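Structure at a glance
Residue-level listing of the chains:
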Amino acid sequence: MIFTDIPLSACLLSAPLGAIAWVWLSRRTRTHTDVPSVPMPPGASWIWGHEMAVMRASAGEAHIRWLKMLGTTVMRIRGALQTPDILVFSDPAAAAHILQNHPYDYHQGAIIRPLAGRILGKSLVWVQDESEHRRMRGIFNPCLTSTCIREAMSDFFSLVRKIGDDVENVCASADGGAATVNMAPLVERATLSMTSRIAFMQDYSQGPEGQAILDIWRKMASTIMSPFGTGAFLLLRRFSFLNDIPVKSIKEQFEVRSTIQRQVQEKIADHPVTKGEETDSTDFLTHLMRLHVKGTISVQELKDHITVFVVGGTETTAHTAACAIWELARNPNVQDRLRAECAHFEGRELTQEELHTKFPFLDAVVRETLRLHPAVPYMERQATKNDIIPLQYPFTTSDGQTMSHIAIRAGQTVVVSAPYYNTSDLFWSDGSVFRPSRWLDETPPRSSLTSWSGMLSFSSGARHCPGYRLALTEIKVFVYSLLVRFTFEDTGDTIKSCVTMSVQSYLAGEVHKGPNLPVRLRALSEA
């Protein structure tokens, strides 16, 4: 045999050497990371890393600037307070890997999950386990169908019409018939009205219940937006035990959920299902009550689901709708074209089918707004295991090596950044320009990432926004209803934005005053 000439002593010696080599290689495989090879922008603070710069810039601004400067679709940034470096991805293959292909291997980050639990409860946003997440999505889906939304359309128009009446009264009493209106609270009221119609079969925004929620939310958002809130947010990443300390900002986050759930408890007590009465109502609370009576969910889970539905459906949608009005004010030619399209229907109420099929330019305006102004710009995750993340666009290291994959260790924090992905000239022509006609003349970019309209505004994969159809309907109803009654004028103010649970806009230099997106409105009857 060919091995008969090899001395036994050599075989005995090679066995332990081979074992040592195997152990070394397997250990290196388990612990090897390519993170230090990933490009990093300059200017990191010794104390705050790059994170403070991210938070002080408008939402997405720092990511876009640094990725353009580095010429890559991935970078690493220094974590605050000497926490490990963070990987930021706007690469289609990497985003698909994290969000679509392995969503349950990447959990919510050390900051985001406790924050979600405090504000929203242990529902769809908070849950990590795959089977539990799928079960909860199954609970939400029946009340987010086209059928449920179709039944609410007349109420949606009626609710927004009342808000339009209030705005018209404000304009009528203003000098020259035009008033500068902060769109942030106005649209929050509108989206809360429409979301509560699906949740409770009533306009939640008109009474003290809804007003209390809006007031608490604005108070909490203002606290997080403040310099104190920004620093506290970064401290939570480094010192997770601070999540359990009852400081002001954390107590305010609990207050949002407790207020909603206290009101839900009152509704449960008077609900027909509680009394054993028959009801054909299709609202979300009735759906959850039936599940509770069957023993499928607890009362606390019911309350948490309602909290997610109300807060999630109000805040993110309000941001997009407000930005749509603001962009129309800054682009009068687009506004005129859209008003001409809407004029064919003479301002009447629309069916769901008409809204989504008869207004191609309205659809284009909403898509373009979502592309440039995603309400949730960053999807932060933490790897639960060692992994290798693929890249569609390889990068070259400082020593000339081409990297098409990045090996990471368990515990690595990764951020999928929607703003760069949604605007990069790699995927879009003149990506930073508000140009709704692109949706009529061009097709969305194709990549390994499957997402709504080729962008990340509703995330992607198993954790994509389950209420995106409702959001699109609410935004279109609001924009259409105001456009047929008012002209929108740019105030010329410089607008900045920051991220709380979602993006909040504010006047440059006035972050301490809280959310503000001013637009000058004038009734068409006075124009």
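Residues numbered from 1 in each chain as written. Predicted model: local features only at pLDDT ≥ 70, side-chain atom pairs only at ≥ 80, totals over all residues. Heavy atoms only, no water.

1. A few points about the overall build of the chain
What the chain contains, in helices and strands, is 19 helices and twelve strands. Whereas a compact globule of 527 residues would reach a radius of gyration of roughly 24 Å, the chain reaches 26 Å, a difference of no more than 12%. Along the longest, intermediate and shortest principal axes, the C-alpha atoms of the chain span 100 × 55 × 45 Å. Taken across its 527 residues, the chain has 55% of its residues classed as buried. At a minimum sequence separation of 6, the contacts of the chain that also span at least 24 residues come to 75%. Summed over its atoms, the accessible surface of the chain is roughly 22,800 Å², and 55% of this surface lies on carbon and sulfur atoms. A gap of 5 Å separates the mean positions of the 53 positive and 54 negative side-chain charges of the chain. (Helix = DSSP H or I, 4+ residues; strand = E, 2+ residues; numbered from the N terminus. Rg over C-alpha atoms; globule rule 2.2 N^0.38 Å. Buried < 20%, exposed > 50% of the residue type's maximum accessible area, 1.4 Å probe, protein only. Contact = heavy atoms within 4.5 Å. Areas by Shrake-Rupley, 256 points an atom, 1.4 Å probe, with all protein chains shown as cover. Lys, Arg positive; Asp, Glu negative; His and termini not counted. Charge placed at Lys NZ, Arg CZ, Asp CG, Glu CD.)

2. Observations concerning the sheet that holds strand β3 (residues 106–108)
Read from one edge to the other, the open sheet built from five strands follows the order β1-β2-β8-β5-β3, with strand pairing classed as mixed. This sheet does not close on itself; its edge strands, each paired only once, are β1 (74–77) and β3. Ignoring strand direction, the axes of neighbouring strands in this sheet form an average angle of 35°. Its contacts with the sheet place helix α3 (residues 61–70) against β1, β2 (86–89), β5 (378–383) and β8 (413–417), and it is angled at close to 115° to β1. Against the sheet, helix α4 (residues 92–101) touches β2, β3, β5 and β8, its axis set at about 115° to β8. (Pairing = 2+ DSSP bridges. Axes fitted to C-alpha atoms, helices over the stretch in contact; angles between N-to-C directions.)

3. Things to note about the environment of Gln 263
Mapped onto the fold, Gln 263 is located in helix α11 (residues 248–269). On the basis of relative accessible area, Gln 263 is assigned to the buried category, the value being 8%. When the C-alpha positions of Gln 263 and Ala 94 are compared, they lie 42 Å apart, and in sequence the two are 169 residues distant. In contact with Gln 263, not counting residues within four places along its chain, are Tyr 204, Glu 209, Ala 212 and Ile 213.

4. Concerning the confidence of the model for the chain
Low pLDDT means the predicted atomic positions in that stretch should not be read closely. In the predicted model, the chain carries a mean pLDDT of 88, and 91% of its residues have values of at least 70. Ignoring residues within four places in sequence, the model shows residues 1–30, a span with pLDDT below 50, making two contacts including any to other chains. (pLDDT = per-residue confidence, 0-100.)

5. Brief notes about unusual backbone geometry
Backbone geometry follows two general trends: most residues other than glycine have a negative phi, and most peptide bonds adopt the trans configuration. A positive phi angle is found at Glu 346, which is not glycine, with a value near 55°. Assignment of secondary structure puts Glu 346 in the loop between α14 (332–343) and α15 (352–357). Judged by its relative accessible area of 74%, Glu 346 is exposed. Notably, Ser 453 is not glycine yet its phi reads approximately 55°, a positive angle. The residue Ser 453 is located in the loop between α18 (438–441) and α19 (468–483) in this model. Relative accessible area serves as the criterion here: at 12%, Ser 453 is assigned to the buried category.

6. Considering the packing of aromatic side chains
Evaluated as defined, the whole model comprises eleven aromatic pairs. Judged by centre distance (5.1 Å) and plane angle (45°), the rings of Phe 140 and Phe 284 are tilted. A residue pair is termed long-range when its members are at least 10 positions apart, and Phe 140 in helix α6 (residues 130–140) and Phe 284 in helix α12 (residues 284–293) qualify at 144 residues. Exposure remark for Phe 284: the relative accessible area of 0% places this residue in the buried category. Each residue in the set Phe 157, Phe 345, Phe 359 and Tyr 480 is aromatic and connected to the rest through ring pairs, giving one cluster. In this structure, Arg 337 packs its charged tip against the face of Phe 361, placed 4.2 Å from the ring centre. One cation-aromatic arrangement involves Arg 371 over Trp 428; the distance from NZ or CZ to the ring centre is 5.2 Å. (Phe/Tyr/Trp six-rings, centres within 6.5 Å; stacked < 30°, edge-to-face > 60°. Lys NZ or Arg CZ within 6 Å of the ring centre and 35° of its normal.)

7. Looking at helix α5 (residues 112–120)
Those residues of α5 that fall on the buried side of the exposure criterion are Leu 115, Ala 116, Gly 117, Arg 118, Ile 119 and Leu 120. Backbone geometry just downstream of α5 places Gly 121 in the positive-phi region, at approximately 90°.

8. With respect to the sheet that holds strand β12 (residues 518–523)
If you walk across this open sheet you meet the three strands as β4-β12-β9, and the pairing is antiparallel. Lying at the two open borders of the sheet, with one neighbouring strand each, are β4 (178–182) and β9 (486–489). Neighbour to neighbour, the strand axes of the sheet diverge by 35° on average, direction disregarded. Relative to β12, β9 runs antiparallel, the two sharing four bridges. Among the inter-strand pairings, Phe 486 is bridged to a residue of β12, identified as Ala 523.

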